[in-house]
Amino acid sequence: MNFARGHSQVAVSIAFYRAGVAELGVVYNPFTQELFSAQAGQGATLNGETIHCSGTDELRRALIATGFPYQKNNLGQMIERLQKVLTHCADVRRLGSAALDICWVACGRLDGYYESVKPWDFAAARLIALEAGAVAGHYLAPPADISPTLCGDHMLVSNAVLFEAMQSLLTDH
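Since this is a predicted model, take the numbers as computed values, not measurements.

A. Inspection of unusual backbone geometry at higher detail. Unusually for a residue other than glycine, Asn47 sits at a positive phi of about 50°. Mapped onto the fold, Asn47 is located in the loop between strand E4 (44-46) and strand E5 (49-50). Given the relative accessible area of 44%, Asn47 is considered partly exposed. Of note, His154 is a non-glycine position whose phi angle comes to about 60°, a positive value. When you line up the elements, His154 lands in the loop between strand E9 (134-138) and strand E10 (155-159).

Laid out in C-alpha cells, this is it:
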C-alpha cells in the first residue's frame, strides 16, 4: 500500500532459512537507499556499518511502532493494546512497513515493535534485529503447531531491557 500511494516507507525483504533457522536477512528501502543486513552469528549492519538496538531502559521513554491489519476482526483488542502503549510509553509510530519497523528497532530508531504479520513481512528483519541485540518473541503464545521463529501472530521485538515489560503490558488486558 505504501508503494502504491507513493510513501517512501517501503522495502524489499529477503530471508534465507535452512531447516527453520534464519541464516541470512536483507531488507532494502529503495527510496532511502538503506540496506539492512545480517548473517546469523555475524551481527547486523546498515549500509555496511554495524548497528545495535537502543539502550532505552524505561517504558515511559520508549518509542514503539505497530501496525494494523486490513482485516480488523479484533479492533477492540488492538485499540485497547494501543491505548496501553500510549499510556505507558513515550509515543507510538505507525509507519506501514513491518520489515522497516523491525529494522528500525535493530538500529535504535525505535525501542520496540508489535503487530501480527506474515513471515514475508518479518523473516529477514527479525534476524537483523536479533543480530543487533534485540529480543524477538510474542506477547501471546504462538500455536504449538507453528515454529515460533516463523509465527508472526502477536509478534514483539524490542531491545533486551524492555522486552519483558512490553510483553507484560501487551498481555495484561
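B. Summary view of the nonpolar core. Counting 33 residues, the largest nonpolar core has Val27, Phe36, Ile51, Ile102, Tyr113, Ile128 and Val157 as its most contacted members. Of all the elements in the fold, those that place two or more residues in this core are strand E2 (21-29), strand E3 (34-39), E4, helix H2 (98-106), helix H3 (119-131), E9 and E10. Residues in contact with Ile102, not counting those within four places in the same chain, are Tyr113, Phe122, Ala125, Arg126, Ala129, Met155 and Val157.

C. Inspection of the side chain of Ser97 at higher detail. Following the sequence through the fold, Ser97 ends up in the loop between strand E7 (91-93) and H2. Ser97 sits in the buried class, given a relative accessible area of 9%. The contacts of Ser97, once residues within four sequence positions are left out, are Asn2, Gln9 and Ala11.

D. Broad picture of the pattern of salt bridges. In the structure shown here, the tally under the stated rule is five salt bridges. The salt bridge partner of Arg18 is Glu23, with a shortest N-O separation of 2.7 Å. Relative accessible area serves as the criterion here: at 26%, Glu23 is assigned to the partly exposed category. Its salt-bridge partner being Asp91, residue Arg93 comes within 2.9 Å of it at the nearest N-O pair.

Rules used in this analysis
Residues numbered from 1 in each chain as written. Predicted model: local features only at pLDDT ≥ 70, side-chain atom pairs only at ≥ 80, totals over all residues. Heavy atoms only, no water. Helix = DSSP H or I, 4+ residues; strand = E, 2+ residues; numbered from the N terminus. Buried < 20%, exposed > 50% of the residue type's maximum accessible area, 1.4 Å probe, protein only. Core = buried A, V, L, I, M, F, W, Y, C linked by side-chain atoms within 4.5 Å. Contact = heavy atoms within 4.5 Å. Salt bridge = Lys/Arg side-chain N within 4 Å of Asp/Glu carboxyl O.

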